[in-house]
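Structural overview for review
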Amino acid sequence: MVAVHHRYADVRGRRLFYREAGPAGAPALVLPHGFPTSSFMFRDLVPALADDYHVIAPDHLGFGLSDAPPADEFAYTFDALADLTAALLDHLGLSRYAIYVQDYGAPIGWRLALNDPAAITAIITQNGNAYEAGFVDAFWQTVWDYQREQNPQTEAAIRKALTLDAIKWQYLTGVPDPTLVSPETWHHDYALVSRPGNDRIQLALFLDYATNLPLYRRLHEYLRTHRPPLLAVWGKGDEIFGPAGARAFTDDLPSARIHLLDGGHFLLESALDEVTPLIGDFLGDIEFRP
């Protein structure tokens, strides 16, 4: 059985939790997680890849088991979360690594790539958008309304994303057999976002998501210029980031490998056995250089 270590690191005065597995000298793979979860979403993928890779799955500040300072004490932005992730990786001595991004992990991963292109050996995106294509209006309209104007009505609408039913919807929508998804997933995430003050953290990040779309033009240029190996493994039943978001990567990176699989936003919960060999084949074709 692969040993998965559960560790903490003090980074810029914040205590960050991360899961770590695999040989220290193996090619590194970093897994930034999405909303509203944590590295818990990678609990099964980490050991599945750790025979061949040094896998690091951190919890973002405000999520999971990492520190969660109140929103009036820390400015929660995607820039700030990416900076903390970069500082954690520097603390761990990782200067070259592949990234596996999902949902919120995508804009964090894109910032890592743009700020240090030479660090990125490969990109795997699982329902993590980099194009305006793929945004499903029915989900995102409440986010856009809240970004445009913060008032009691728009805040009440966006707060529904923090309810147990909404989190359960994220896990089950688009999954051919919902009984494959453990109810522990949405109860786990709901318990953590329901901690006192965490709602304000999530509202701050809903607002700051507006900074991600303007980043896309720079990202597309990065893809065309640096041509990183890229794999998209996408739950095609996702009603947050639809399949068009996966296909769009070939606009700037024709060599991107695109796999649309039966599943939803959290594809690993129902299709881990399909995703894992796709990752292995993809990473196995890459020449990793120090």
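Definitions and limits used
- Residues numbered from 1 in each chain as written.
- Predicted model: local features only at pLDDT ≥ 70, side-chain atom pairs only at ≥ 80, totals over all residues.
- Heavy atoms only, no water.
- Helix = DSSP H or I, 4+ residues; strand = E, 2+ residues; numbered from the N terminus.
- Buried < 20%, exposed > 50% of the residue type's maximum accessible area, 1.4 Å probe, protein only.
- Contact = heavy atoms within 4.5 Å.
- Areas by Shrake-Rupley, 256 points an atom, 1.4 Å probe, with all protein chains shown as cover.
- Lys, Arg positive; Asp, Glu negative; His and termini not counted.
- Charge placed at Lys NZ, Arg CZ, Asp CG, Glu CD.
- Core = buried A, V, L, I, M, F, W, Y, C linked by side-chain atoms within 4.5 Å.
- Salt bridge = Lys/Arg side-chain N within 4 Å of Asp/Glu carboxyl O.
- Pairing = 2+ DSSP bridges.
- Axes fitted to C-alpha atoms, helices over the stretch in contact; angles between N-to-C directions.
- Phe/Tyr/Trp six-rings, centres within 6.5 Å; stacked < 30°, edge-to-face > 60°.
- Arc of directions from axis to C-beta.
- Right-handed = clockwise from strand over helix to strand, strands pointing away.

**Some details on the overall build of the protein**
Along the backbone of the protein there are 12 helices and eight strands. Here the C-alpha coordinates of the protein stretch approximately 55 × 40 × 40 Å along the principal axes. Sorting the 290 residues of the protein into buried and exposed places 56% on the buried side. At a minimum sequence separation of 6, the contacts of the protein that also span at least 24 residues come to 75%. If you sum the accessible surface of the protein, you get close to 12100 Å²; carbon and sulfur atoms cover 50% of it. A distance of 3 Å separates the average location of the 22 positive side-chain charges in the protein from that of its 37 negative side-chain charges.

**Here's the deal with the nonpolar core**
Counting 64 residues, the largest nonpolar core has Tyr 97, Trp 110, Phe 206 and Phe 249 as its most contacted members. The biggest single contributor to this core is helix α2 (residues 78–91), with eight residues. If sequence neighbours within four positions are ignored, Phe 206 has contacts with Phe 35, Tyr 104, Val 143, Tyr 146, Gln 147, Ile 158, Ala 161 and Leu 162. The next biggest cluster of nonpolar side chains, apart from the first, holds 37 residues, and it includes Leu 49, Tyr 100, Ala 271 and Val 275.

**What about the pattern of salt bridges?**
A pair can form between side chains of opposite charge whenever their charged atoms are brought close. Evaluated as defined, the whole model comprises 11 salt bridges. Glu 20 is the salt-bridge partner of Arg 7, the closest N and O atoms lying 2.8 Å from each other. In this pair, Arg 7 is assigned in strand β1 (residues 4–11) and Glu 20 in strand β2 (residues 14–21), connecting sequence segments 13 residues apart. Given a relative accessible area of 32%, Arg 7 falls into the partly exposed group. Taking the relative accessible area as the measure of exposure, Glu 20 reaches 13% and is therefore buried. For Arg 159, the salt bridge is made with Glu 155, and the minimal N-O distance between the two is 3.0 Å.

**Quick look at the sheet that holds strand β6 (residues 120–125)**
Here we have eight strands laid out as an open sheet, ordered β1-β2-β4-β3-β5-β6-β7-β8, and mixed in their pairing. The open sheet has two edge strands, β1 and β8 (257–261), and neither has a second partner. On average, each strand axis in the sheet is inclined to that of its neighbour by 20 degrees, with strand direction left out of account. Contacting β5 (97–101) and β6, helix α3 (residues 105–115) crosses the sheet at an angle of about 155 degrees to β5.

**Remarks on the side chain of Asn 212**
Summarising the element assignment, Asn 212 is placed in the loop between α8 (198–208) and α9 (216–226). Aside from chain neighbours lying at most four places away, what touches Asn 212 is Phe 78, Pro 107 and Arg 111.

**Thoughts on the packing of aromatic side chains**
Working definition: an aromatic ring pair is given by the centre-to-centre distance plus the angle between the planes. Under the defined criterion, the tally for this structure stands at 20 aromatic pairs. An angle of 75 degrees between the planes, with centres 6.5 Å apart, marks the rings of Phe 135 and Tyr 209 as edge-to-face. Remark: Tyr 209 occurs in the loop between α8 and α9 and Phe 135 occurs in the loop between β6 and α4 (137–148); sequence separation between them is 74 residues. Here Tyr 209 falls in the buried class, since its relative accessible area comes to 3%. Residues Phe 135 and Phe 241 carry aromatic rings whose centres are separated by 5.3 Å and whose planes lie at 80 degrees to one another, so their mutual orientation is edge-to-face.

**Concerning helix α7 (residues 184–193)**
When α7 is considered as a whole, its buried residues turn out to be Thr 185, Trp 186, Asp 189, Leu 192 and Val 193. Looking down the long axis of α7, one finds its buried residues gathered within 130 degrees of arc, a one-sided arrangement. Those residues of α7 hidden inside the fold are in contact with α6 (164–172), α8 and α12 (268–284).

**Here we look at the pairing of β6**
Of all six residues making up β6, six are buried, and the element is well covered by its neighbours. Direction of pairing for β5 relative to β6: parallel, over a ladder of four bridges. Of the residues in β6, the one forming a bridge with Val 101 is Thr 125. Handedness of the crossover joining β5 and β6 through α3: right-handed. Strand direction decides the pairing type here: β6 and strand β7 (residues 230–235), joined by three bridges, are parallel. If you follow Thr 125 over to β7, its bridge partner there is Ala 232.

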